[in-house]
Amino acid sequence: MIIAENLTIYYDRQKAVENVTFKLDSDQTLLLLGPNGAGKTTLLRAVAGLHQNYKGTLLVFGKPPIESRNVISYVPQSYSLNERVPLTVIEVVAMGALYKRGLMHFNIPRNLLREATEALEFVGLGSLKDKRFSELSGGQKQRVLLARALISKPKLLLLDEPLSALDPSARVEVVSVLAKIKQEIGLAMIITTHDPNPLTEIGDKIMLLNKELIAFGSPEEVLRDEIITKVYGSQS
Ligand code: ATP
């Protein structure tokens, strides 16, 4: 379970997220919604154990995030690779696990290659494993990053804007992989998004954040006109 109580997150002394309280069960998916600058990435990074300048309670499976990092996978919004190192798709996936295990070398063990192949098959990209990562489409890259995040068998998967910059058909592909992760792996997920519509089928809970918590509950409870209008104005 993920628990936040009166959580306030800072950059120096500046508050980016203020007094947020919520609970998420270990098999639930939370969609984190809010306008630009609302604090979504900041909250996600704090839950990932990557940002520790906070006050209040934040527990991931009963421990502060920094102590749970071995069971957390975090996929940042923009993922960039050094293009001078022309990695193949399978190397990108396997390196996720090497990095987690504190190993940084290019001799990828055979068992890890097998796990990476399985992870790529899970996201429907087994046939592209030897292609260069840089040559993939945006939707394919995002699915590779999901495979990379899953290979370390996380109990909590944190995804920052996984659908941004994707065209509608690529969004459908990525959402169907997320639905498969939810159904077949059954872990906790927190997904930030500007547009909850493509994701409502997998969201158990929605949080509407605008520095402070505006609403938290089921999609039916939160995605109501008067609540959305409060944050985004009447044009939405
Ligand atoms: P977006 O949807 O535009 O990605 P967001 O909801 O993810 O926005 P954050 O990136 O978490 O919002 O930013 C929340 C607030 O914290 C903003 O006011 C932002 O300017 C500020 N902020 C973000 N990163 C830093 C930083 N490294 N140092 C200082 N302030 C920061």
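Let me sum up the structure you'll find in this document. All values reported here derive from a predicted model rather than from experimental measurement.

**Examining the nonpolar core**
Working step 1: Membership of the largest hydrophobic core comes to 52 residues, with the highest contact counts inside it found for Leu-120, Val-144, Leu-178 and Ile-181.
Working step 2: One finds Ala-46, Ala-48, Phe-61 and Ala-188 within the second-largest nonpolar core, a separate group that totals 26 residues.

**As for unusual backbone geometry**
Working step 1: Positioned with a positive phi, Asn-19 is a non-glycine residue whose angle comes to about 55 degrees.
Working step 2: Following the sequence through the fold, Asn-19 ends up in strand β2 (residues 14–24).
Working step 3: What makes Asn-19 partly exposed here is its relative accessible area of 46%.
Working step 4: A positive phi angle, close to 50 degrees, is found at Lys-153, a residue other than glycine.

**Focus: the pattern of salt bridges**
Working step 1: Going through the model one piece at a time under the given rule, you end up with five salt bridges.
Working step 2: Of the charged contacts in the structure, one is a salt bridge between Glu-18 and Lys-15, with a shortest N-O distance of 3.4 Å.
Working step 3: By relative accessible area, Lys-15 is classed as partly exposed at 35%.
Working step 4: Here Asp-195 makes a salt bridge to Arg-171, at a shortest N to O gap of 3.7 Å. Of this pair, Asp-195 sits in the loop between β7 (188–193) and β8 (205–210) while Arg-171 sits in helix α5 (residues 168–185), and the two are 24 residues apart along the sequence.
Working step 5: Note on Asp-195: relative accessible area 28%, which makes it partly exposed.

**Quick word on the pairing of strand β3 (residues 29–33)**
Working step 1: Of all five residues that make up β3, five are buried, and the element is covered over most of its length.
Working step 2: Neither face of β3 is open: one carries Thr-29, Leu-31 and Leu-33, the other Leu-30 and Leu-32, and all of them are buried.
Working step 3: Pairing of β3 with β7, which is carried by five bridges, proceeds in the parallel orientation. In the sheet register, Leu-31 faces β7, and the bridge partner there is Ile-191.

**Description of helix α7 (residues 225–232)**
Working step 1: Of all the positions in α7, only Ile-227, Ile-228 and Val-231 are classed as buried. The buried side chains of α7 occupy one side of the element, clustering within an arc of 95 degrees when seen end-on. Opposite its buried face, α7 presents the exposed residues Asp-225 and Lys-230, each directed more than 90 degrees away.
Working step 2: Where α7 is buried, its residues contact β8, β9 (212–217) and α6 (219–222).

Rules used in this analysis
Residues numbered from 1 in each chain as written. Predicted model: local features only at pLDDT ≥ 70, side-chain atom pairs only at ≥ 80, totals over all residues. Heavy atoms only, no water. Core = buried A, V, L, I, M, F, W, Y, C linked by side-chain atoms within 4.5 Å. Buried < 20%, exposed > 50% of the residue type's maximum accessible area, 1.4 Å probe, protein only. Helix = DSSP H or I, 4+ residues; strand = E, 2+ residues; numbered from the N terminus. Salt bridge = Lys/Arg side-chain N within 4 Å of Asp/Glu carboxyl O. Pairing = 2+ DSSP bridges. Arc of directions from axis to C-beta. Contact = heavy atoms within 4.5 Å.

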